[in-house]
Every structure is written in C-alpha cells, then in structure tokens.
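Residue-level listing of the chains:
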Amino acid sequence: MNIAALVSGGVDSSVVVHRLKEQGYDPVIFYIRIGMENEQGFVDCPSEEDIEITTYIARKYGCKFEIVSLHQEYWENVVQYTIDTVKRGLTPNPDMMCNKLIKFGAFEQKYGKDFDKIATGHYATTTEYHSKTFLSTAKDSFKDQTYFLGQINYMQVSKLMFPIGDLYKKEVREIAAQAKLPSATRKDSQGICFLGKINYNDFIRRYLGEKKGPIIELETGRKLGEHQGFWFHTIGQRKGLGLSGGPWYVVGKNVEENIIYASRGYDTEAQYGKTIKMRGFRYITEDLLGDLRSQSANIFFKIRHTPDFTAGKIRFEPFSVKTEKPSISSLEKEDGIWIIESEEPLQGIASGQFGVVYDSNRKLCLGSGIIS
RNA sequence: UGACCAAUGGUGUAAUGGUAACACAACGGUUUUUGGUACCGUCAUUCCAGGUUCGAAUCCUGGUUGGUCAA
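Residues numbered from 1 in each chain as written. Chains lettered and ligands numbered in written order. Predicted model: local features only at pLDDT ≥ 70, side-chain atom pairs only at ≥ 80, totals over all residues. Heavy atoms only, no water.

J.: Provide a residue-level description of helix 3 (residues 71-87), including the pertinent values.
T.: The first and last C-alpha atoms of helix 3 sit 22 Å apart over 17 residues, in line with the 24 Å expected at 1.5 Å per residue. The sharpest bend along helix 3 reaches about 25° and sits at Q80. Among the residues of helix 3, H71, E73, Y74, W75, V78, V79, Y81, T82, I83, T85 and V86 are the ones counted as buried. Two residues or fewer after helix 3 comes G89, characterised by a positive phi angle close to 85°. (Helix = DSSP H or I, 4+ residues; strand = E, 2+ residues; numbered from the N terminus. Expected span 1.5 Å × (residues − 1). Bend = angle between axes of the 7 residues up to and from the residue. Buried < 20%, exposed > 50% of the residue type's maximum accessible area, 1.4 Å probe, protein only.)

Take a look at the structure:
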C-alpha cells in the first residue's frame, strides 16, 4: 500500500512516521509549505526548523521526502476566505478550511492522488459502520481534533489514516522520546497556522484597516466606548474591548452601522444561547439521523474546538413547506435550516463558525454546518 | 463673582491618623492547531506646595482642577 504521510516537524506527525514504519509500511513523507512568504512582505512561517526536523525524520526512517508548496492555493482559499469572512462580520475558521481545501484538497489533487492513503497526525480515528468509513473521535478526548475535520467529505475520510488517533498525547510524547525523535519535546503548535508569529489583529488591520464605531450596551442602549472596527471583535469575546467596570463581552454586531453590542458581567443571559441555527449542513459519510423534519434526533455537538461535547437535539426546517418528498438523499441538497437545541446554554455562539455533529455515543462525527 | 462639595493607578470604588484594598482594563504567561473562553502573574506612596504629628490618603493652610447651588 502506498501511503503519503503529511509531516510538519511536530511531535504528532513525527510519531505518525514512526508508527507507520512499525506497522510495516513505507510512507512517502510530504512537507507542505503554506507560509505567506511572498505576500506583501509578510514573510514569516519559521519553517526552517520544521523542515530540518522533517528531513531528519525522513532520513532516520529511510523514507522518500518531498517538500511541496501549496502556498498559492492556501492564499487563495484559506487566507482570502478568512479575510472575506471577517469583513462580513462573521467568525472564520481557517484551520477547518485548511484541512478541507488544502491538506485533503489541493494536496490530494496534486500529489495525493497517486497514493492509496494519506496519513496525518490528527487526533482522530475512522470507524467502519454500515460497511462505510466514518470519521470518529480520538481516544484522547482532550486532544480530539475531529472538530477541525468536520467539513471533509466521504472521499476524503475514506482515504485518510490517523495513526496516532488511538493514542493519548502522553503516549505519543513517550514514543517520540523513546525513539529519540528531535521533536519529542517540541511545543505543540497553536493558533492559526499561517499567521505564525504574526499577531491576529495586525493581520486583520493590514487587510481591513480600522474604522471607529460605537460600543453599545445591549440591555440599555448606552454608549460605552469606541472600537477600531467591528472585525477586531467576535461574539463571545472579552479581551480587547478596553472598557472598565466589566467584564464586558461582545454579544452582537451590526455590520451595516458598525456597532458592537456588549453585555456586562459574568454569566449574563445575553451571552448565552441554547439554539444553534446552521446552514448548509452536510453529512460526511451518510445520514444516520433519519428524517429530521418530522422528528428531531439526539446528538452531541461542538460549536468550537473544546474537549467536551454538548448534548442536544437536531432538527431540520425547510424554507418552504411545499417540498413533499421526504427522501433522505435529497435532504442534503434541500435548502433550509438545521437547528440544534442544546441541553445547556452555550457562551459565544458565533456566526461563521461550524457546528459539528456527533452521534449519541460521542463516537462518530456525522457532519457539520455553518452557524448562521 | 460668592457659597458648598470633591480630587486615590487607564477606569470605577475602598482604606478617615498607623504605613494603599477590590473590580474592570492593559501587559505577560498557562490552556487551546480558529477567533474566543477560562486560569495564573505584573501594574499607584494617594492633584500640587507647605504645616501639625513618632507617624497622614486620612487633620490644618494656600493653590490648581472638576462639579453643584447662588447671580
């Protein structure tokens, strides 16, 4: 079996190579460059160390190694998407787009297509069910990264391998240490990958500039202060408002009038919601929930990357009542709203983020939609 | 112009003679492959000048600034 392993130079993907070799495979290692180096002086992405380590890993395990650049694709799909989304007042999720469009999208088309499988260092697993492959959660629920994979499709999931999905992070580090991998003690990467050391606000400012507007208390309509542009704040956010007497949280925005609404105090009602409305929900593998317009289904879900799942019920409401055929397969294409009623109130439900739905055992990752 | 009141860190308050407290913000860090949340840490000798006192943010005098009422 031909396997392409996506290796970044971090512990996780290093151990992927180790495990694949252990299992008797001979993967070809790919390092994907996605930095923004040529873009308007935004040279960053200290990828040298990453590449050094990946080279070392490839040599140590005797694997073929290729560095490929998907920089162009990344810019056009992920960075542009991020800027556009923020501009519209929504909260983007670049890392989900990166998985969907770059690692398993552009990479597949250009290089991955020649391989039987693509292996990555995601904390996730796949499960055979109904003789089909489902994306499923990792053994280490704290590190579970299925949320970021919620947008991939069946073609992608059936080609993926997650060699460390059945390990705890601790075990991965131990394996790396035993194998004396240079990445054994490296700090986990975090934050939007393409930004590297660039500050998020600086990035936004660079492309969207600044535009002063009022911050208004939602409950009273009182003007509390000024912001530098609604795009610097997202729903649920506390940091950055600069208002005293708080804590203040962003609870709403008016994009047309450039207004940010805030609410004061811990656990105020305005910060929470129990209803999550989604558009464009898609199942990754297949519909296991049945006809959601006649009957809601019990599920677990996440509205952001968190260790815990929230229990709720999902249902579907078509826009027009006139459609009569309740055919399950047509459900995906039908226009309407998927509604999750959460069992507990959630803080910071932000439009533009994805709602990722899991089965009632918190095992299978069924699909996702955009929160509207 | 007169009277009265107030004046503490970026903000709002606390400490009324015993050596500056609390919250928010900001900054730094931890957690997190989004943004964010949460958690931890840092941040003032009290408007100015004199005086009383062993000792003053707290008392007195003058000034400066702000506010309220009077005109």
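Moving on from the model shown.
J.: An account of the sheet that holds strand 4 (residues 117-119) is requested, with residue identities and associated values reported.
T.: Strand order across the open sheet formed by five strands is 3-2-1-4-7, with parallel pairing between neighbours. With partners counted over all chains shown, the strands left at the sheet margins are strand 3 (65-69) and strand 7 (160-161), one partner each. Here strand 2 (residues 28-33) runs beside strand 3; their pairing, made up of five bridges, is parallel. For I32, the partnering residue across the bridge sits in strand 3 and is V68. Against the sheet, helix 4 (residues 94-110) engages strand 1 (3-6), strand 2, strand 3, strand 4 and strand 7, with an angle of about 135° to strand 1. (Pairing = 2+ DSSP bridges. Contact = heavy atoms within 4.5 Å. Axes fitted to C-alpha atoms, helices over the stretch in contact; angles between N-to-C directions.)

J.: I'd like to hear about the packing of helix 3 against helix 8 (residues 200-208), residue by residue, with values.
T.: As a packed pair, helix 3 and helix 8 sit with axes 11 Å apart at the nearest point and diverge in direction by 85°. The pairing of helix 3 with helix 8 is recorded here as roughly perpendicular in orientation. Every residue of helix 8 that contacts helix 3 at W75, V79, T82, I83, V86 and K87 is listed here: Y200, F203, I204, Y207 and L208. Taken together, the residues that form the contact of helix 3 with helix 8 break down as nine nonpolar, one polar and one charged. (Parallel < 35°, antiparallel > 145°, perpendicular 65-115°, else oblique. Nonpolar A, V, L, I, M, F, W, Y, C, P; charged D, E, K, R; others polar.)

J.: Describe the layout of surface pockets, listing the residues and the values that go with them.
T.: The calculated volume of the second largest pocket comes to roughly 200 Å³. In terms of lining residues, the second largest pocket is bounded by 15 residues, among which I235, V251, G348, I349 and S351 are the most central. Only strand 10 (248-254) and strand 12 (272-283) provide two or more residues apiece to the lining of the second largest pocket. With three residues, strand 10 is the single largest residue contributor to the lining of the second largest pocket. Residues of the lining of the second largest pocket, tallied by class, amount to seven nonpolar, six polar and two charged. (1 Å grid on protein atoms, 1.4 Å probe; cavity = no way out; pocket = protein on both sides within 12 Å on 5 of 7 lines; lining within 4 Å. Points joined across faces, edges and corners; volume = space filled by probe spheres on them.)

J.: Report on the environment of I314, specifying residues and quantitative values.
T.: The topology assignment puts I314 in strand 14 (residues 310-318). In this view, I314 contacts M278, L289, L292, S296, A297, I299, W338, I339, I340 and V357; residues no more than four positions away in its chain are not counted.

J.: Please give an account of the confidence of the model for chain A that cites residues and values.
T.: Residues shown with low pLDDT carry predicted positions that ought not to be read at fine detail. In this model, chain A carries an average pLDDT of 86, and 91% of its residues clear a pLDDT of 70 or more. Every residue in residues 328-332 is under pLDDT 50, and counting partners more than four places away or in other chains gives nine contacts. For this predicted complex, the interface confidence reaches an ipTM of 0.82, while the overall pTM sits at 0.86. (pLDDT = per-residue confidence, 0-100.)

J.: Give me the lowdown on the pairing of strand 16 (residues 354-358), citing residues and values where you can.
T.: In terms of burial, strand 16 is largely enclosed, as five of its five residues are buried. Of the two faces of strand 16, the one lined by F354, V356 and Y358 and the one lined by G355 and V357 are each fully buried. With three bridges joining them, strand 13 (residues 297-302) and strand 16 adopt antiparallel strand pairing. By the bridge assignment, K302 is partnered in strand 16 with V356. Relative to strand 17 (residues 364-371), strand 16 runs antiparallel, the two being bridged by five bridges. Across the sheet, residue V356 finds its bridge partner in strand 17, namely S368. What sits between the antiparallel neighbours strand 16 and strand 17 is a turn of five residues, in which R362 has the positive phi angle 60°.

J.: Explain the sheet that holds strand 9 (residues 223-227) to me, and be specific about the residues and the numbers.
T.: Judged by pairing direction, the sheet is mixed, and its four strands sit side by side in the order 9-8-11-10 without closing on themselves. If you trace the sheet from one side to the other, it starts and ends with strand 9 and strand 10, each paired once. Here the strands of the sheet are splayed against their neighbours by 30° on average, with no regard to which way each runs. Here strand 10 runs beside strand 11 (residues 259-264); their pairing, made up of six bridges, is antiparallel. Looking across to strand 11, one finds that N254 is bridged to I259.

J.: With reference to specific residues and values, describe the packing of aromatic side chains.
T.: Taken as a whole and assessed by the stated rule, the structure comprises 13 aromatic pairs. Look at Y129 and F134: their rings are 5.7 Å apart centre to centre, the planes differ by 75°, and that puts the pair in the edge-to-face class. Residue classification places Y129 among the partly exposed residues on the basis of a relative accessible area of 38%. By relative accessible area, F134 is classed as buried at 0%. Each residue in the set F30, F107, Y111 and F115 is aromatic and connected to the rest through ring pairs, giving one cluster. Seen from the ring of F309, K302 lies directly overhead, with NZ or CZ sitting 4.5 Å from the centre. Its guanidinium or amino end placed over the ring of F300, R362 lies 4.2 Å from that ring's centre, counting from NZ or CZ. (Phe/Tyr/Trp six-rings, centres within 6.5 Å; stacked < 30°, edge-to-face > 60°. Lys NZ or Arg CZ within 6 Å of the ring centre and 35° of its normal.)

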